[in-house]
Amino acid sequence: MSYLVNNFNGGEWGPRLRYRADLAKYRNSCAVLENFLPMPWGGVENRPGTLHIAVAATTGNVRLIAFQYNVETAYLIEAGEAYFRIYRDGVYIGKDVATPYLADELGALSFTQSNDVLFIAHANHPPAMLKRITEIEFQYEVMKIRGGPYQDEDAREIELTSSAATGSVTVTADTADEIFKAGMEGTRIRWAVPVSSNAINETFKRDGTGKEKLRVRGSWKVTTGGSWVGTLHLERSEDGETFEEYRIYTVNADRNIEDSGYEENHVWYRFRFTDWQNPPSGVLYECRASLGIESFEAYGVLELTAITDARTATATVIEELPGLKSKTWSLSAWDKFHGYPALVQFYAGDRLVFARTRKEPTRLWLSATGDYLDFNADVLANSSLLYTVKTGNGQGGVTGNAIAFIANRKELVVGSWAEIGSLTPNDENQPLAPDNKKYRSETSPGSEDFPPIQVNDVLLFVRRGGENLLELAYNYMTDGYDAPDMTLMRPEILAAGGGIKEMAYVQLPYPVVYCLRHDGVLASFTYNRAEEVTAWARQVTDGKIESVTVLQDRSGYDIIYLAVRRGNAVHIEQFARRDDSATGSGVFLDDAKVFDFDEPAEVLTGLEHLEGRSVTAVIDGTGFAGLKVEGGRVELPRAGSHISVGIPYTSTVETLPLDLAQGPDSTFDRRKRNPRTYLKYYRSLGGEIYNSGVNGSTLIFRIMSDVANGPIKLKTGSNELALPDRYGVEKTVTVIQHDPFPITVLALVNTLEVS
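Residues numbered from 1 in each chain as written. Predicted model: local features only at pLDDT ≥ 70, side-chain atom pairs only at ≥ 80, totals over all residues. Heavy atoms only, no water.

**Some points on the state of the cysteines**
What counts is decided by this rule: Sulfur atoms of two cysteines make up a disulfide when they are within 2.5 Å.
In total, this model carries 0 disulfides according to the counting rule given. Unpaired in this structure, Cys30 has its nearest cysteine sulfur neighbour in Cys515, at a distance of 18 Å.

So, in structure tokens, the structure goes:
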């Protein structure tokens, strides 16, 4: 009886599902899928090898970061302790950028990119930017944030007193509570003082500058009276000393002025008059100008420099204090003592979002619209806004809560330890704003501290614990979100390696999510939601993969970059583009180098990264194993012009136990044998097939049409393979590729005989 396996996109299943033949995808799934990739259209192909780029500048931790400026220009960042090393098209640009990040902090870096600026967040460091200055020059700098941000105003009505309004001052607190703590040096205090509604009035009868200036914040209004000819200027100053033109009112004795505006921050205004025209005889000209403001809070800023005791500290005034006493003060939200935001992302393309500090683990800070440095919280629609996620405390088994990720979609998706939620406009016809926002809890499985992957209209996120990949997808029937577990059929795929460390997403040639485990194994997840393709496999190498990222090349093809610890060194590598156009045209060796010579060569040099290793070389399409690299060179068994040399690896696909039964019946308890298998393959060479792990046979080999002693051509077709077999209860079929050539398995037709 024939047992057909022509679809492998159920992927590798876990041992606890080994006998679930009643499930629809049983025949499409495998017991082992290692160094093979399930394809969305059904077959499996062995993965390509990796190309050597460089040895990392450090033997310590390395994190790879993608910097995709555009399709034509992409950079790979090798992040190590205190440096970023930058590559373009696999070539080091020659300069490192100094950074403050320690080796054990690299894994917690959060970043997002806008054009030629990479925004970086870490809980121990101020938010920063990596700027592309020229094609070969980059610059790291701390962001110059305006407007704090600050924590909520202290609610205890404790009065602080400063010894002066400017310069170096002493600050004291009128309380027995502990206000100042060791380590608060560098913390800033926003010092607020209520200011009643106020106005200045000036009368001009000639050119000149007004005698008064007014501190303004919030709404203001200018009015004039009298009859006059000339130009009235409203001038504005950030510091109260240097004034610049702000508004101009030119009048020819035919009208008066009424104007208004709004200031988000504290500034100074004054009047000036020019081009005064004397009146005709018997006529009186004068310009009576008035500037009025509504009541507001004036504030200054000081920075603590030393802590004397719990109620006394010294400080430097950063912005002049409006008064020497304040009961409405607040501490900086981001500083060394309270922590810096751990996460950064964009929302709607025009707001930069930060989240989670040690002090405020559930708070979001959104910049002003279009100004990524402005975090002055206000009520205007385009102002910076704050939001605190107030769930947790028992939700989903979580005591306390913290934001784990933020994702940019139509809504701002907020993953926390307790749940996944979304921040959206309350009025969906208007943009998100301080007075137009609402938070909605979407689903209860909480998230790990890990950025999600967006694939079309869904988010793939890591469940709290790091061992499950969940799919956050909108359900139109319930008008809410579902979060099915993508690791349900292979629950060990992530857990076996200590959970997920990093993720990367490849769109071309077909969608695959790469999940790097803490043990260095790369779990691949072929994913096409529309076609219900969810197939896990494992990609391994002779070394430990420590980081993974993806960049798009000029053709739109996605390139996977790896940092692999091989021995005591970390190698920067990239997956070769899988090429099965001809024998030897592709690379199916790891950490490989490719050489092309005008004249055939017998010795290869420049292989110091493979020193002491046993390697395989493909010479003009013919493979030779067991070569030794010594002194950075290898002697070839024969001369060649097109040569690839690298570390060999093995690819394995094994079916689940073959079962012919339907419904509740089963042949798992019946003795059976599989004496003959028909293999359907595409552009393949080499490989072996085994019947339940024994009785192997070579798959694709030299035939009469191949050139004697030359490369064997890649072949498409089928082989009928007789596999001497005895009756046994459990039967599987295994295909193994040891050779450095492509193999694509399209189908296995097994002639199963049941006793």
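**Quick look at the pattern of salt bridges**
This is how it is decided: The working definition used for a salt bridge is a side-chain nitrogen of Lys or Arg within 4 Å of a carboxyl oxygen of Asp or Glu. Secondary structure elements follow DSSP: runs of H or I of four or more residues count as helices, runs of E of two or more count as strands, with numbering from the N terminus. Here's how the labels work: a residue is buried when its accessible area is under 20% of the maximum for its type, exposed when over 50%, partly exposed in between, all with a 1.4 Å probe on protein chains only.
By the definition in use, this model includes 42 salt bridges. In this structure, Arg538 engages Glu34 in a salt bridge whose closest nitrogen and oxygen atoms are separated by 2.7 Å. With a gap of 504 residues between them, Arg538 in strand β44 (residues 533–539) and Glu34 in strand β3 (residues 29–34) connect regions that are remote in the sequence. A salt bridge links Glu502 to Arg63, with the nearest nitrogen and oxygen atoms 3.4 Å apart. Here Arg63 lies in strand β7 (residues 63–68) and Glu502 lies in strand β41 (residues 500–506), a separation of 439 residues in the sequence. Classification of Glu502 as buried rests on a relative accessible area of 7%. With relative accessibility at 10%, the residue Arg63 sits in the buried group. Each of Glu12, Arg16, Glu34, Arg490, Glu492 and Arg538 takes part in a single network of salt bridges with overlapping partners.

**Remarks on unusual backbone geometry**
Residues Gly148 and Pro149 are joined by a peptide bond in cis, for which omega reads -10 degrees. Tracing the backbone through its elements, the reader meets Pro149 in the loop between β14 (137–142) and β15 (160–162). For Ala253, which is not glycine, the phi torsion reads 55 degrees and is therefore positive. By secondary structure assignment, the location of Ala253 is in the loop between β22 (244–252) and β23 (258–274).

**Considering the sheet that holds strand β37 (residues 453–455)**
The test is simple: Here a strand pair is declared whenever DSSP counts at least two bridges between the two strands. Structural elements are reduced to axes, namely lines fitted to C-alpha atoms, with helices fitted over the stretch in contact, and the angle between N-to-C directions of any two is expressed from 0 to 180 degrees.
One open sheet accounts for 4 strands, arranged β37-β38-β39-β40; its pairing is antiparallel. The strands lining the two open edges of the sheet, one partner per strand, are β37 and β40 (480–482). Strand-to-strand twist in this sheet, taken as the mean axis angle between neighbours without regard to direction, amounts to 30 degrees. With 3 bridges connecting them, β37 and strand β38 (residues 458–462) associate as antiparallel partners. Bridge assignment links Val455 to a residue of β38, and that residue is Val458.

**Notes on the sheet that holds strand β31 (residues 363–366)**
Across the sheet, 4 strands lie side by side as β29-β30-β31-β32; this open sheet has antiparallel pairing. The outermost strands of the open sheet, each flanked by one partner alone, are β29 (343–347) and β32 (385–388). Neighbour-to-neighbour, the strand axes of this sheet turn through a mean angle of 20 degrees, independent of strand direction. Looking at chain direction, strand β30 (residues 351–355) and β31 are connected through 3 bridges and run antiparallel.

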